[in-house]
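# Architecture and fold: a report
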Amino acid sequence: MSKVFVIANQKGGVGKTTTSINLAAALSKTRRRILLIDLDPQGNSTAGSGIDKDEVTGTIYELLIGLRQAPEVILSTESGFDIIPANKSLSGAQVELLDMDRREYLLRKALADIRNQYDFVFIDCPPALNILTLNAFVAADSVMIPMQCEYFALEGLTDLVGTIKRIRETLNPDLIIEGLLRTMFDQRNNLAREVSDQLTTHFGDKVYRTIIPRNIRLAEAPSYGKPITEYDITSKGAQAYLALAGEIIRRDQAA
């Protein structure tokens, strides 16, 4: 049975898209069937996966408003995973969805017939709590929270945990926090180490053991439309995401 992850943080620039792309690619190398859903109007997960977001004719936008079915908008990537792409047309959906019945459940309904074709589904969200993000939370089983180990990240984490609690109480009672992922980590930074220690103290096993380091090759890869495992598999960034893929598989098998 598949598991649907929403990769979310209301704070921008914490590595949501980087994690979405590279985790999808890393898990694909283990012969798992992976679907990545780009739910951000910027379409960065689409572009970073090697898809020209301005040329695609079927996107998550058409799926959400009912113009197309899921199989019609799924594309294959050269890295081995499938993707439902996004582009700027998705911006308009945020207004259109507000007038639709059961608008928070549209993504969940759209994925119902295809989710079990995959081992893992990852949803890359915009850095805001809007109707798109709510759809992701309602469609998901678990939340993965990428975050930098800095002071304001802790404050934002408190808000996000509160949001997840409210969604569980009102829209999706089965939603859980799967794990917190420390990203862009610099071991030389004292504050980063202190915040990391606080996270493990308060959240325990919810914090992934794998830490994603700051890595120039990881930052370069999206400009070539490639996951880091295709751009430079020997880099520290690639090795970190491969390790994270292994950790997710072990957690899933132990559940």
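We now turn to the structure provided with this report. Worth saying up front: this structure is predicted, and the values here are computed from it rather than measured. (Residues numbered from 1 in each chain as written. Predicted model: local features only at pLDDT ≥ 70, side-chain atom pairs only at ≥ 80, totals over all residues. Heavy atoms only, no water.)

### Considerations on the overall build of the chain
Here is the rule we go by: The numbering of helices and of strands both runs from the N terminus, where a helix is a DSSP run of H or I of at least 4 residues and a strand a run of E of at least 2. Contacts between residues were defined by any pair of non-hydrogen atoms, one from each residue, lying within 4.5 Å.
When helices and strands are tallied, the chain shows 12 helices and eight strands. Reported as C-alpha extents along the three principal axes, the dimensions of the chain are approximately 50 × 40 × 35 Å. Sequence separation of 24 or more characterises 77% of the internal contacts of the chain that already satisfy a separation of 6 or more.

### Observations regarding the environment of valine 195
Looking at the secondary structure, you find valine 195 in helix 9 (residues 190-203). Each C-alpha atom, one on valine 195 and one on glycine 50, is 35 Å from the other, the two residues being 145 residues apart in sequence. Once residues within four sequence positions are removed from consideration, valine 195 is found in contact with Cys149, Glu150, Tyr151 and Leu154.

### Some thoughts on the sheet that holds strand 6 (residues 142-148)
Condition: Following DSSP output, two strands are said to pair if at least two bridges run between them. With axes taken as lines fitted to C-alpha atoms, and helix axes fitted only over the stretch in contact, angles between N-to-C directions fall between 0 and 180 degrees.
Strand order across the open sheet formed by eight strands is 3-4-2-5-1-6-7-8, with mixed pairing between neighbours. Of all the strands in the sheet, just strand 3 (75-76) and strand 8 (207-213) have a single pairing partner and so form its edges. Both strand 1 (residues 3-7) and strand 5 (residues 120-124) contribute to a ladder of five bridges, which runs parallel. Each bridged residue has a counterpart across the sheet, and for lysine 3 the counterpart in strand 5 is phenylalanine 120. Packing of helix 12 (residues 236-254) onto the sheet brings it into contact with strand 1, strand 5, strand 6, strand 7 (176-185) and strand 8, and relative to strand 8 it is tilted by some 165 degrees.

### Here we look at the pairing of strand 2 (residues 34-38)
Just so we agree on the cut-off: Any residue under 20% of the maximum accessible area for its type is buried, any over 50% is exposed, and the rest in between are partly exposed; the area is computed with a 1.4 Å probe on protein chains only.
Of all five residues in strand 2, five are buried, a share of seventy percent or more. Burial of strand 2 is two-sided: the residues Ile34, Leu36 and Asp38 facing one way and the residues Leu35 and Ile37 facing the other way are all buried. As paired strands, strand 2 and strand 4 (residues 82-84) are joined by three bridges and run parallel to one another. Residue isoleucine 37 lies in a different strand from strand 4, and its bridge partner there is isoleucine 84.

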